[in-house]
Amino acid sequence: MAEQGYFSEHEDASDSFDLSRHWPIPALVLGALMLGAVVLLWKGPIDAWHRFQLLEAMREAREWYESPTRAEQAWGMLDILRGRVESGIWREPSLRGEADFFLGTAYRDLSLRAQGEPETRYRLRALGYFRLAKQEGVPEEFRLPFAEAYGVTLFEEDRYAESSEVLQMPLDWRRRMAALIDRRLAQVALLELPPRIEDAKRLVERWKNIPGLSTKEIARATSVANNIDEGTLKRGRELLDQLPVYGKEQSQLRDLDRQLDDDIGADELEKARQVLVAQRESNDEGLSRLLKTLSTSSTRTVPPRLETALEYAAERASLSALGEAERADARNREAELLLQLDRPVEARFALLDGKSDRESQASAMTRFLLAESFFEEGKQFSRPGGEENADLNRFSDFAGAADEVRRWLRAGTDELIARVPFVSEERKRHWRSELVPRLAPSSMRRFVADAAHASAEGILGQLVDEKDHLDREYLGRALLMLGSSEAALGDLAKAAETFDRLIKRYPDTDLERAALFRRADVLRRLGSPDALDAFADAVTASKAVNVYRNRYLPLEELRRIFEDAWLSAMEANKPREAIALGTLYGSFAPPGEADEFVGDASKSLAQRLQASGTSADDKLAEQRYREAGEAYRKAAWEKRTTLQYADYLWQSAVAFFDGEDYQAVRAPLDEFLLIHGRGERDLLARIYLARSQMALGELVDAKETLETALKRDPRSPNRFEGRLYLARVYRDMARLLELEGGTPTPEGKDQRRQLLEAAKDVLLANTDGRTPDLEPSAREWRLSLFELGEVHYSLRDFDDAISLLTEAVRRFPNDSRVSDALFLIARSHWSKADEYGERSRAEEVPRLQAEFRRLEDDQRRAARDEYTRLARRLIDEQQRRPLTASEQELAYRSLFGVGEASEALGETDAAVAAYEEAALQFSDSAEVLTALLRTANIYLESNRREDALSAIRQADTIIKKLDDAAFEKSRLKKADWERRLAALVSQT
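Residues numbered from 1 in each chain as written. Predicted model: local features only at pLDDT ≥ 70, side-chain atom pairs only at ≥ 80, totals over all residues. Heavy atoms only, no water.

Caption draft 1: Spotlight on the packing of aromatic side chains. Applying the stated rule across the entire model yields 34 aromatic pairs. Taking the centre distance of 5.4 Å and the plane angle of 45 degrees together, the rings of Phe535 and Phe562 count as tilted. With Phe535 in helix H26 (residues 531-543) and Phe562 in helix H27 (residues 555-571), this pair connects stretches of sequence that are 27 residues apart. The burial state of Phe535 is the same as that of Phe562; both residues are buried. Relative to Phe672, the ring of Trp650 lies with its centre 5.3 Å away and its plane at 45 degrees, an arrangement referred to as tilted. One end of the pair, Trp650, is in helix H31 (residues 645-658); the other, Phe672, is in helix H32 (residues 662-676), and 22 residues separate them in sequence. Residue class for Trp650 comes out buried when judged on its relative accessible area of 11%. In this structure Phe672 comes out as buried when scored by relative accessible area, which is 0%. Members of the aromatic cluster, connected to one another through ring pairs, are Phe517, Phe535, Tyr548, Phe562, Trp566, Tyr585, Phe588 and Phe597. (Phe/Tyr/Trp six-rings, centres within 6.5 Å; stacked < 30°, edge-to-face > 60°. Helix = DSSP H or I, 4+ residues; strand = E, 2+ residues; numbered from the N terminus. Buried < 20%, exposed > 50% of the residue type's maximum accessible area, 1.4 Å probe, protein only.)

Caption draft 2: The arrangement of the UniProt feature "repeat: TPR" (unreviewed entry) in the chain in detail. When the UniProt feature table is mapped to this numbering, "repeat: TPR" (unreviewed entry) covers residues 476-509 and 782-815. Summarising residues 476-509: 79% helix, 0% strand, and an end-to-end C-alpha distance of 10 Å. Taken end to end, residues 782-815 has its terminal C-alpha atoms 9 Å apart, with 79% of it in helix and 0% in strand. (UniProt positions renumbered as here; feature names shortened; annotations may be inferred.)

Caption draft 3: Highlighting unusual backbone geometry. The phi torsion at Asp158 lies on the positive side, around 65 degrees, for a residue other than glycine. Summarising the element assignment, Asp158 is placed in the loop between helix H8 (143-156) and helix H9 (160-191). Positive phi, normally seen in glycine, also occurs at Glu660, with a value near 60 degrees. Mapped onto the fold, Glu660 is located in the loop between H31 and H32.

Caption draft 4: Molecular detail of the packing of helix H43 (residues 928-941) against helix H44 (residues 945-961). Running from amino to carboxyl end, H43 crosses H44 at an angle of 165 degrees, the nearest separation of the two axes being 7 Å. As summarised for this structure, H43 and H44 are arranged roughly antiparallel, according to the angle between their axes. Two packed elements cross with a definite hand, and for H43 against H44 that hand is left-handed. The segment H43 lies against H44, with Val928, Leu929, Leu932, Thr935, Ala936, Tyr939 and Leu940 engaging Arg945, Asp947, Ala948, Ala951, Ile952, Gln954, Ala955, Ile958 and Ile959. Here the residues of the contact of H43 with H44 sort into twelve nonpolar, two polar and two charged. (Axes fitted to C-alpha atoms, helices over the stretch in contact; angles between N-to-C directions. Parallel < 35°, antiparallel > 145°, perpendicular 65-115°, else oblique. Left-handed = near helix turned anticlockwise from the far one by under 90°. Contact = heavy atoms within 4.5 Å. Nonpolar A, V, L, I, M, F, W, Y, C, P; charged D, E, K, R; others polar.)

Laid out in structure tokens, this is it:
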């Protein structure tokens, strides 16, 4: 027993169930059972009572939907739908789509009556229910209103592509309904006695032109139209068979079909016609709403589909049952789209609608659009090349339309008609027969442009005066067009006043920014000094906007304003103004164009400064050339992916070269040669590179550049200029060896002579006559002849130097190098005289010694004659213009040479006269001190001490007047001259 009790105790302890520890298990099982029951009940069929309540609620919803006070009852219907319908609708799948449609409609009605955040919230809920309704399916009788409501709600949420897609179904439905009703109306017209055949034809034609019809339907309509006449009425009626339709109108039309037979009476026909007309009006109203929404959606898609929008707008304007106000709105919309598509004549005819008797019905908006159509046509014919090949009928259409608009709007004042002389058929005939044949196409364009702008001005002037009839935006646009028309007609002062009014009324708007640019352009055309500041103000106002977008002044038109202003400044020889305009243009110009404008204007200013000839202006010209080079460099960078890249690099290099910024020349030239390859400018580019190297003292590099270039392209048309500069490199290198100082070594002398001989050979290749494509009149031939004479002088071939330089002066007496050539001719004679003098002194035979002295005197006289010729030439030139620094030095040296030669020939009076003339002409130069000291020595040798002292005192005065800087180029410093004067004084 004890053992049994022991085991039973432990068994009880191990098998007992503790609920506090294991309660989740039964709870989970119970929950699963309850969930299953709910699911079974939910999925199971609805009981009769709940079904009755659901159907009763749906009946109330349908009545609510048809009620004229539906919007006011939207909250109450929401309570019914969310209470009695939503709780049981999931058990009736056939009603789900309809219920969601009613819920979406209720929320849409609430959104139309709300504002702000509630409006958006209700509209989004409506979209949610409409989306569910689309998924579940809407009954056929509600498909049309559902699609319209859903599409319009999507449109209001700016979901234009989805809206267009959803609205396409009701659009097609309503188009087919319109076709069916027109067909029935045509049938009625044929059944009447007598038959209204013309009306039937018109109705069938309208039916045939309804968009969206199938090819079969169009063929049927065409067949009917071809078979409606007096003899085939029966065949025409037979062809008017039934078309498929949808919706609640179907039953009414079917009933009508059964009634429309040969036995129908006149009263029944009239009733049928009235039913059809009412249905067409109702259908057109719905179609108008759809087309308006679809047209607007098409303009707001990305990118805008303007042609599609125009098709919808034109279809809406053609609906026959529209009221006058809605028809005017439809025409205005069509005209707006045509204007956006740059078709102003079509826009004007769309507004006129072929009628001219509605003066009292012309709304402000219609007149505004008419004015805009004239304005846009004026712009078309004002553009360079615009409408150049348009035929005369286009002009005739314009003339007729202008006359129509004047009568309609009563804007045809005498002044306006005077501006537009073709106001009658007789006038148009005169234009065709007499005026047009004598006018160039551009003149005809100008004539028609002025006429169009005059029409626009007349209409806009009325609209601006009647400003209460236009809203604020359209009034601003009217002012902008009015000012532009006044400017186009040449009434610039009045245009400036109009733009000022606009700027004051519309601050910080696109209208103001457009008017600022227009006003600046008008002030520029008026020649106002404030024009440049006006452009700057306009640019400042537009820079407040990150990206330029202005529908009142498109970027293309703004660029045209700047281009015209820049060209006007350049043509008026105002390069500084052109530079400023080019800089302002930078914010709006295509890549590189503004930099090109700045470069061209800076180069023009540099050339203008350079032409003045003053040293100060020369410095400014260099700076302007460098600015041009930098502008072209920027333009090249902007155009680096285009074919213009090389051209801008070239212009940049040339401008930097003209501005003597030789370091900056290299980068654009290197890039140009890299991308340009071999071409006509390849050798020329290397010549510029070599000239830059020469200016920088890199003669060896310049020599290598030119030698390589000439070998690389020996037939280039620029090879003659390349040879010319290569010869200069050789000469400069030879001169550098000569100036290095010290006693030249035999090797140095040989090297110098080799360089000069190389220069001679290169120049001979240009002038030896064996180059048939280089005439003596060519610039390179002329310069080579002068250079060749100078090379012979450097080689001490004085006879050849004299011969070549004399020939150069004879051939080219007006060349800028004639003065240098005359001086070298004189120096050549002087050097030959020195040679004969040395030979006479070295000769021991008296007869030969005398002959050499005679030859020496002959050469001295020849040198004196050439010096005299040169001095006279330069002094005469000084009477016409200031001499350059190098010309002044030549003039002094020529006068000094005359004196020196005369002194050597023993003609002391002539020598003194020449020295004194030199001192008188160039008293502000330290060089004249030599002439004055020579004069003093001659007087001392002639025992004319007083005259010698006078010359010495004159020299002393000059020394005291000149500062130390004036002696920098002199052989002696100021103190040395003072000591020499003191020594002369002691001799007296």
